[in-house]
Amino acid sequence: MEIVDCVKYDLEQYANLGGSIKYPFPIEDFALKIFGLDIQYEDFNKVFISSTYDPQELFGCLFPDKRYFQGFDKVVLINSNRKPFILAGKEINKAYWEDFSERQTIAHEAGHYSDLFVHNPNSNPEAHQLDLFEPTIFADAPTSIIVYPQNEEKNANKYAKLLLMPEEKVREFITKKGIVGTFDINSIIQEIKEFFGVTQFMIEIRLNELGIHFYNGIYIKKTNKFPYKKYSEENLLCLIDIIKKYSLQHPYYDADNFTKQYNLATGETRASAALYYAVYRILQGKYDEKFPSVFEKRIAELSDINLEEFILE
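The shown structure was predicted, so the numbers you read here are calculated from the model rather than taken from an experiment. (Residues numbered from 1 in each chain as written. Predicted model: local features only at pLDDT ≥ 70, side-chain atom pairs only at ≥ 80, totals over all residues. Heavy atoms only, no water.)

Caption draft 1: A look at the overall build of the chain. Helices and strands together make up the secondary structure of the chain, namely 14 helices and 9 strands. Expressed as a percentage of its 313 residues, the buried residues of the chain come to 47%. Sequence separation of 24 or more characterises 66% of the internal contacts of the chain that already satisfy a separation of 6 or more. (Helix = DSSP H or I, 4+ residues; strand = E, 2+ residues; numbered from the N terminus. Buried < 20%, exposed > 50% of the residue type's maximum accessible area, 1.4 Å probe, protein only. Contact = heavy atoms within 4.5 Å.)

Caption draft 2: Quick look at unusual backbone geometry. Along the chain, tyrosine 23 connects to proline 24 via a cis peptide bond; the corresponding omega equals 5°. Mapped onto the fold, proline 24 is located in the loop between helix 1 (3-16) and helix 2 (27-35). Unlike most non-glycine residues, lysine 66 shows phi in positive territory, near 65°. Following the sequence through the fold, lysine 66 ends up in the loop between strand 2 (60-63) and strand 3 (75-79). A positive phi angle, close to 50°, is found at glutamine 70, a residue other than glycine. Tracing the chain through its elements places glutamine 70 in the loop between strand 2 and strand 3. With a relative accessible area of 33%, glutamine 70 lands in the partly exposed category.

Caption draft 3: Molecular detail of the pattern of salt bridges. Going through the model one piece at a time under the given rule, you end up with 13 salt bridges. In this structure, the salt-bridge partner of lysine 193 is aspartate 99, at a minimum N-O distance of 3.1 Å. Of this pair, lysine 193 sits in helix 8 (residues 189-196) while aspartate 99 sits in the loop between helix 4 (94-97) and helix 5 (101-118), and the two are 94 residues apart along the sequence. Lysine 193 sits in the buried class, given a relative accessible area of 3%. By sharing partners, the salt bridges in this structure join Asp241, Lys244, Lys297 and Glu301 into a single network. (Salt bridge = Lys/Arg side-chain N within 4 Å of Asp/Glu carboxyl O.)

Caption draft 4: Quick look at the environment of leucine 17. Mapped onto the secondary structure, leucine 17 falls in the loop between helix 1 and helix 2. Each C-alpha atom, one on leucine 17 and one on isoleucine 34, is 8.3 Å from the other, the two residues being 17 residues apart in sequence. Residues contacting leucine 17, with those up to four places away along its chain left out, are Lys33 and Ile34.

Caption draft 5: Layout of the packing of aromatic side chains. Counting across every chain of the model gives 22 aromatic pairs. Residues tyrosine 113 and phenylalanine 117 carry aromatic rings whose centres are separated by 5.1 Å and whose planes lie at 15° to one another, so their mutual orientation is stacked. Placement of both tyrosine 113 and phenylalanine 117 in helix 5 is noted, with a separation of 4 residues, approximately one turn of the helix. A relative accessible area of 21% means that phenylalanine 117 is categorised as partly exposed. Through pairs of rings, three or more aromatic residues link up here, namely Tyr14, Tyr23, Phe25, Phe30, Phe35, Tyr113, Phe117, Phe173, Phe195 and Phe196. One residue, arginine 82, lies across the ring of tryptophan 97, its end atom 5.7 Å from the ring centre. (Phe/Tyr/Trp six-rings, centres within 6.5 Å; stacked < 30°, edge-to-face > 60°. Lys NZ or Arg CZ within 6 Å of the ring centre and 35° of its normal.)

Caption draft 6: Region of the structure containing the sheet that holds strand 1 (residues 38-42). One open sheet holds the 3 strands; their spatial order is 1-3-2, and the pairing between them is mixed. Only two strands of the sheet have a single neighbouring strand rather than two, namely strand 1 and strand 2. Neighbour-to-neighbour, the strand axes of the sheet open up by a mean angle of 25°, direction not taken into account. With 4 bridges joining them, strand 2 and strand 3 adopt antiparallel strand pairing. Across the sheet, the residue bridging to leucine 62 is valine 76, located in strand 3. Across the face of the sheet, helix 5 comes into contact with strand 1, strand 2 and strand 3 while running at roughly 30° to strand 2. (Pairing = 2+ DSSP bridges. Axes fitted to C-alpha atoms, helices over the stretch in contact; angles between N-to-C directions.)

Caption draft 7: How the structure looks around the packing of helix 10 (residues 233-245) against helix 12 (residues 272-284). Packing of helix 10 against helix 12 leaves a shortest axis separation of 11 Å and a crossing angle of 95°. Taken together, the axes of helix 10 and helix 12 lie roughly perpendicular to each other. Contact residues: Leu236, Leu239, Ile240 and Ile243 in helix 10; Leu275, Ala278, Val279 and Ile282 in helix 12. Among the residues making up the contact of helix 10 with helix 12, the classes are represented as 8 nonpolar, no polar and no charged. (Parallel < 35°, antiparallel > 145°, perpendicular 65-115°, else oblique. Nonpolar A, V, L, I, M, F, W, Y, C, P; charged D, E, K, R; others polar.)

Caption draft 8: Spatial organisation of the confidence of the model for the chain. Per-residue pLDDT for the chain averages 83, and the proportion of residues at 70 or more is 84%. Taken element by element, the chain is modelled with least confidence in helix 14 (residues 307-310), mean pLDDT 58, and with most confidence in helix 2, mean pLDDT 97. In the predicted structure, residues 135-142 sits below a pLDDT of 50 and forms 7 contacts with residues beyond four places in sequence or in another chain. (pLDDT = per-residue confidence, 0-100.)

Caption draft 9: A look at the nonpolar core. Ranked by size, the top nonpolar core spans 44 residues in total, and within it Phe25, Phe30, Tyr159 and Phe183 carry the most contacts. Among the secondary structure elements, those contributing two or more residues to this core are helix 1, helix 2, strand 3, helix 5, helix 6 (150-164), helix 7 (167-176), helix 8 and helix 9 (200-209). Not counting residues up to four positions away in its chain, the partners in contact with tyrosine 159 are Ile3, Cys6, Val7, Asp10, Phe30, Phe35, Ala107, Ala110, Gly111 and Ser114. (Core = buried A, V, L, I, M, F, W, Y, C linked by side-chain atoms within 4.5 Å.)

Caption draft 10: Representation of the side chain of glutamate 109 in the model. Counting through the fold element by element, glutamate 109 comes out in helix 5. For the buried glutamate 109, no salt bridge is present, and the opposite-charge side chain at shortest range is arginine 82, 11 Å distant. Not counting the four nearest positions on each side in its chain, glutamate 109 is found in contact with Gly60, Cys61, Leu62 and Val76. (Lys, Arg positive; Asp, Glu negative; His and termini not counted.)

The following block contains the structure:
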């Protein structure tokens, strides 16, 4: 069964059991009702010793059926004392990855359980287990956690994203906020985090997957620049109309609203810098030969603009 189908089936079962599908998604209640998974918090540095992994680098782990932690199986264990998050050799600010990270860990581990123990019960997780010994508590009964191959980690990540940030809810949220085209993620990041109960890390990845473009991201910095996509005659004429609304004042100082007007009118998602330079090219007459109507409109309506003053220092 595909991951998207696993999520759909599990949500239907959750609703049938009286679960409330709302956001932030009640992941703890979901994991308990659907899979019988108990959520516990421990300082991994105190309860695990491993020669393979540094326990403090783990966000969490899963003890599935017949794999025990302190005498209990079917446990999602969350690390309460994790080391700082390192990306590309640099320590990442806690505000970027810490808020709501435990919810993502629970959803990730629930994804493993759903994929391998519910919808694919013939899998063999014992082939990918990591023994972690705590010499005092488990002197006579070592415990183990399951470490999955990379493709199964991707499945669990996908499950978590589909569960916590489903596409329809993300697009509904963006529409209700009046966001059109490329936007400054810093202007709304706290609202998104609190609405979905996820980290900025997940938000940036999910928006990028869905083609919702932003700038000022930490993990994903690119914006949609429409590489090699040329402006149509209609869109250039639309751009001139928008420039007129600014009474010949420089639109770049109102970049967000300027961009929003254009993208709303055309259905495109261009960034403000790209639009600014398109206007600059219009003023230079770069489109005159190809589009006579743009030339006529430029002469009739933008001729009072001083090109040198229009250039942004």
